[in-house]
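Descriptive structure summary
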Amino acid sequence: QVQLVESGGGLVQAGDSLRLSCAASGLAFTTHSMGWFRQAPGKEREFISAITWVGGGTFSAGSVKGRFTISRDNAKNTVYLQMNSLEPEDTAFYYCAASPAYSNLARAAIYTYWGQGTQVTVSS
């Protein structure tokens, strides 16, 4: 049984930092690309960042580029999202996802497994 468990969310002030973690179990972590998405109330799910399993390449959405950094620790089956300079607009439920693909990673449809999410709230 595959499980993705996010942690690290919380309530912070604008300008603060948070690091989200997503621990994976039950899947071949080293052959899955990992992605982070978020969804704010009344909005569609939005791609944030992804890291491939081939070469560990990363890419991020323009809205978070330069502020958020994705990384992975294959020894711990964990992917991280370091979020700096948080803004109230970053308030959302954050989800991690896993896919055996290594391209088109901004598309939610290619992800096979999803976590339950963790709430991030940024106050102004």
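Just above sits the structure.
All values derive from a computational prediction rather than experimental measurement.

Focus: unusual backbone geometry
One non-glycine residue with positive phi stands out, namely Ser 85, at about 50°. Here Ser 85 is to be found in the loop between strand E8 (78-83) and strand E9 (92-99). Take Ser 85: its relative accessible area is 40%, and that puts it in the partly exposed class. Phi at Asn 104 takes a positive value of approximately 55°, unusual for a residue other than glycine. Structurally, Asn 104 is set in the loop between E9 and strand E10 (113-114). What makes Asn 104 exposed here is its relative accessible area of 53%.

Digging into the pattern of salt bridges
A side chain of one charge can pair with a side chain of the opposite charge if their charged atoms are brought near each other. Summed over the entire model, instances satisfying the criterion amount to 4 salt bridges. The shortest N-O distance in the salt bridge between Asp 90 and Arg 67 comes to 2.7 Å. Of this pair, Asp 90 sits in the loop between E8 and E9 while Arg 67 sits in the loop between strand E6 (58-60) and strand E7 (68-73), placing them 23 residues apart in sequence. With a relative accessible area of 1%, Asp 90 lands in the buried category.

Overview of the pairing of E8
Of all 6 residues that make up E8, 5 are buried, and the element is covered over most of its length. Of the pairings in the sheet, the one linking strand E3 (residues 18-25) to E8 comprises 6 bridges and is antiparallel in character. By the bridge assignment, Arg 19 is partnered in E8 with Gln 82. Of the strand pairs in this sheet, E7 and E8 are connected by 6 bridges, and their pairing is antiparallel. From the neighbouring strand, Ile 70 faces E8, where its bridge partner is Leu 81. Hairpin connection from E7 to E8: 4 residues lie between these consecutive antiparallel strands, with Asn 77 at a positive phi of about 50°.

As for the side chain of His 32
Take His 32: it is sitting in the loop between E3 and strand E4 (33-39). For His 32, the contacting residues outside a window of four places in its chain are Leu 27, Trp 53, Arg 72, Ala 98, Ser 99, Pro 100 and Tyr 113.

Description of the state of the cysteines
By the definition in use, this model includes 1 disulfide. The residue that forms a disulfide with Cys 22 is Cys 96, at a sulfur-sulfur distance of 1.9 Å. With the S-S bond torsion at 45°, the cross-link from Cys 22 to Cys 96 turns out right-handed. Pair noted here: Cys 22 is in strand E3 and Cys 96 is in strand E9, with a separation of 74 residues, a long-range link.

Parameters at a glance
- Here the residue index of a chain counts from 1 through its sequence in written order.
- Reporting in this predicted model follows two pLDDT cut-offs: at least 70 for local features of residues, and 80 or more for side-chain atom pairs to be given and counted; totals over whole chains, interfaces and linings ignore these cut-offs and use all residues.
- Side-chain metrics rest on all non-hydrogen atoms present in the structure, leaving aside hydrogens and water.
- Counting from the N terminus, the helices are DSSP H or I runs at least four residues long and the strands are E runs at least two residues long.
- For every residue, the accessible area (1.4 Å probe, protein chains only) is compared with the maximum for its type, and the residue is labelled buried under 20%, exposed over 50%, or partly exposed between those bounds.
- By definition here, a salt bridge exists when the distance from a side-chain nitrogen of Lys or Arg to a carboxyl oxygen of Asp or Glu is within 4 Å.
- At least two bridges found by DSSP between two strands is the condition for calling them paired.
- Should any heavy atoms of two residues lie within 4.5 Å, those residues are considered in contact.
- Sulfur atoms of two cysteines make up a disulfide when they are within 2.5 Å.

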